[in-house]
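Below, each chain spelled out in residue letters.
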Amino acid sequence: MKAVVITHSSTFEGRADAVGHFLEKRGYEVIRVFSDFDHHRKKTLSRKKPGYVYLHMTPYSKNLSARRLFAIHSFARKVVKHLEERIEAGEKIDLVYILLPANSFVPAAERLRRKYHFRLVYDIIDLWPESLPLKGLSGLPPIRFWSRLRDGEIGNADHIFTECSLYRTILQSLPEKKTDTLYWYKKDTEKWKPEKESDFRIGRPEKCKEQRTDAADKGTEAAVSEAAERGTRLRLIYMGAVNNIIHISMIADLLRALHAKIPTELVVIGEGERTEEFLLAVRETGVSVDYRGPIYDEKEKNDLLRSADLGLNLMRPEVKVGLTMKSIDYLYCGLPLISNIQGDTEKLIRTERIGVHIEDPASEQTAEAVLAAAQDPDMRRRARSAYEQYFTEKHFENVLQQMLEG
């Protein structure tokens, strides 16, 4: 049996590789069709690997640009042409697995499926145009057409996955009986150390029971004052792209409210077109910034995450997303979340008690909730437990296996 796994974006390649690896373990020969363009560094790469096909994508420099839309649409056409050439040359393809977007994959793949009768699976990783910051433009004919490219025939696929359950609520065209949520996973490569605590917590694990009781008697304000007197800082971290969908003003308001109570530091891992704007906004709050840029070494990145008290994940409200990979990275390291993301993430925070869901970042109540979360030594263990329950390779492959058996 032969399967083809397709994505246009270097951001999605990890998930595409995971799907391909799963299929290979089940006896499939897998061809991965990727682009030659690195989305984060905005560079064309020269790559060759057995079992991989790298098709050329037109370079672009801005995420929100007509050139990027043209590049992706053109790439989708190249993929369809490549598949058709393989099949016409006598190659039998049993399964085509496509990560969406691009929306233009859907009508083209449906045409090929009807003609060549392979099994077709879509994996919706993002919603375009719904997840893009296009406030006030959603009703325009070009935007509606963009959505219809995906929605018109997506229900004809043999199976559909969504990155989060929120997408199943938003997209009414998805057939319920053949749609499942397939959460991203992070490979577990390091031994979990539940005893590791950050400097802000009141006491070390072996002593914290007595001190937690004492802190509870004093109240959060007294505990924070005591921590400030010891020279302790609240250490937050933001990891990921610094782009058009992060909520810079909301992050600044929250940091300002926290810094008024206790010295606060923000570690930033990542880069993007709004990096300078973001760093300037944070520095204007008086918060200390430790900017590390992008970090590709997994151990170095995880060590930094574990050194923090909580992980930031605040996005613009018009962005339609229920879960992000950065949240899974945070939970893997036992790092509780500060998030405003609706749907899956909000539900996890509230039901598993693994952080703070933010609505009003500048309020006294929000600052108190964040500081209380930072002082709760059990929250890190619950954060890691949420990773182990929902975001492991085993859970990922169990959901895929149900698709194969369906």
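Computed from a predicted structure; not experimentally measured.

Calculation criteria
- Residues numbered from 1 in each chain as written.
- Predicted model: local features only at pLDDT ≥ 70, side-chain atom pairs only at ≥ 80, totals over all residues.
- Heavy atoms only, no water.
- Helix = DSSP H or I, 4+ residues; strand = E, 2+ residues; numbered from the N terminus.
- Buried < 20%, exposed > 50% of the residue type's maximum accessible area, 1.4 Å probe, protein only.
- Contact = heavy atoms within 4.5 Å.
- Areas by Shrake-Rupley, 256 points an atom, 1.4 Å probe, with all protein chains shown as cover.
- Pairing = 2+ DSSP bridges.
- 1 Å grid on protein atoms, 1.4 Å probe; cavity = no way out; pocket = protein on both sides within 12 Å on 5 of 7 lines; lining within 4 Å.
- Points joined across faces, edges and corners; volume = space filled by probe spheres on them.
- Nonpolar A, V, L, I, M, F, W, Y, C, P; charged D, E, K, R; others polar.
- Axes fitted to C-alpha atoms, helices over the stretch in contact; angles between N-to-C directions.
- Parallel < 35°, antiparallel > 145°, perpendicular 65-115°, else oblique.
- Core = buried A, V, L, I, M, F, W, Y, C linked by side-chain atoms within 4.5 Å.
- Polar contact = N/O pair within 3.5 Å; in protein donor to acceptor, adjacent residues only side chain to side chain.

It is worth spelling out the overall build of the protein chain at this point. A count of helices and strands for the protein chain gives 15 helices and 15 strands. Buried positions account for 57% of the 406 residues belonging to the protein chain. Residue pairs at least 24 apart in sequence account for 68% of intrachain contacts in the protein chain once pairs closer than 6 positions are excluded. When the accessible surface of the protein chain is totalled, it reaches about 18100 Å², and 50% of it is carbon and sulfur.

What follows deals with the pairing of strand S5 (residues 52-55). Sheet faces and side chains relate simply in a regular strand, where the side chains alternate between the two faces. Side-chain alternation along S5 places Tyr-52 and Tyr-54 on one buried face and Val-53 and Leu-55 on a second face that is also buried. In this sheet, S5 lies alongside strand S2 (residues 29-35) in parallel orientation, the contact comprising four bridges. Pairing of Phe-34 across the sheet is with Tyr-54, part of S5.

Before going further, it helps to examine empty space enclosed by the protein. Following the criterion strictly, the structure yields two cavities of 30 Å³ or more and no others. If you add up the space inside the second largest cavity, you get close to 30 Å³. Forming the walls of the second largest cavity are His-8, Ser-9, Ser-10, Ser-35, Phe-37, His-39, Tyr-60 and Arg-68. Broken down by class, the residue content of the lining of the second largest cavity amounts to two nonpolar, five polar and one charged.

We now examine the sheet that holds strand S11 (residues 264-269). If you trace the six strands from one edge of the open sheet to the other, you get S12-S11-S10-S13-S14-S15, paired in parallel fashion. Each having just a single partner strand, strand S12 (288-293) and strand S15 (355-357) make up the two edges of the open sheet. Looking at each pair of strands side by side, their axes are set apart by 20° on average, direction ignored. Inspection of the sheet shows strand S10 (residues 234-239) paired to strand S13 (residues 310-313) by three bridges, in the parallel sense. In the sheet register, Ile-237 faces S13, and the bridge partner there is Gly-311.

Spatial ordering of the open sheet is given by S5-S2-S1-S6-S7-S8-S9, a layout of seven strands whose pairing is parallel. Each edge of the open sheet carries a strand with a single partner, namely S5 and strand S9 (179-181). Recorded for the sheet is a direction-independent mean angle of 20° between the axes of neighbouring strands. Summarising the sheet, strand S7 (residues 119-124) and strand S8 (residues 159-162) pair through four bridges and their orientation is parallel. When the sheet's bridge partners are listed, Asp-123 is paired in S8 with Phe-161.

In the contact formed by helix H2 (residues 66-88) and helix H3 (residues 105-116), the axes pass within 10 Å of each other and the chain directions differ by 10°. As summarised for this structure, H2 and H3 are arranged roughly parallel, according to the angle between their axes. On H3, the residues touching Phe-75, Ala-76, Val-79, Val-80, Leu-83, Glu-84, Ile-87 and Glu-88 of H2 are Phe-105, Ala-108, Arg-111, Leu-112, Lys-115 and Tyr-116. Class assignment of the residues belonging to the contact of H2 with H3 gives a composition of ten nonpolar, no polar and four charged.

Attention now goes to the nonpolar core. Core analysis: the largest hydrophobic core is formed by 132 residues, its most contacted members being Leu-23, Leu-266 and Phe-278. Leaving out residues up to four positions away in the same chain, Leu-23 has contacts with Ala-3, Val-5, Tyr-28, Val-30, Leu-95 and Leu-404.

The next subject is the environment of Thr-162. Along the chain, the position of Thr-162 falls in strand S8. Through-space distance from the C-alpha of Thr-162 to that of Asp-123 is 5.7 Å; in sequence the pair is 39 residues apart. If we ignore the near neighbours within four places in the chain, the residues touching Thr-162 are Arg-15, Ile-124, Tyr-167, Arg-168, Leu-174, Thr-179, Asp-180, Thr-181 and Leu-182. A polar contact is formed between the side chain of Thr-162 and the backbone oxygen of Cys-164, at a distance of 2.9 Å.

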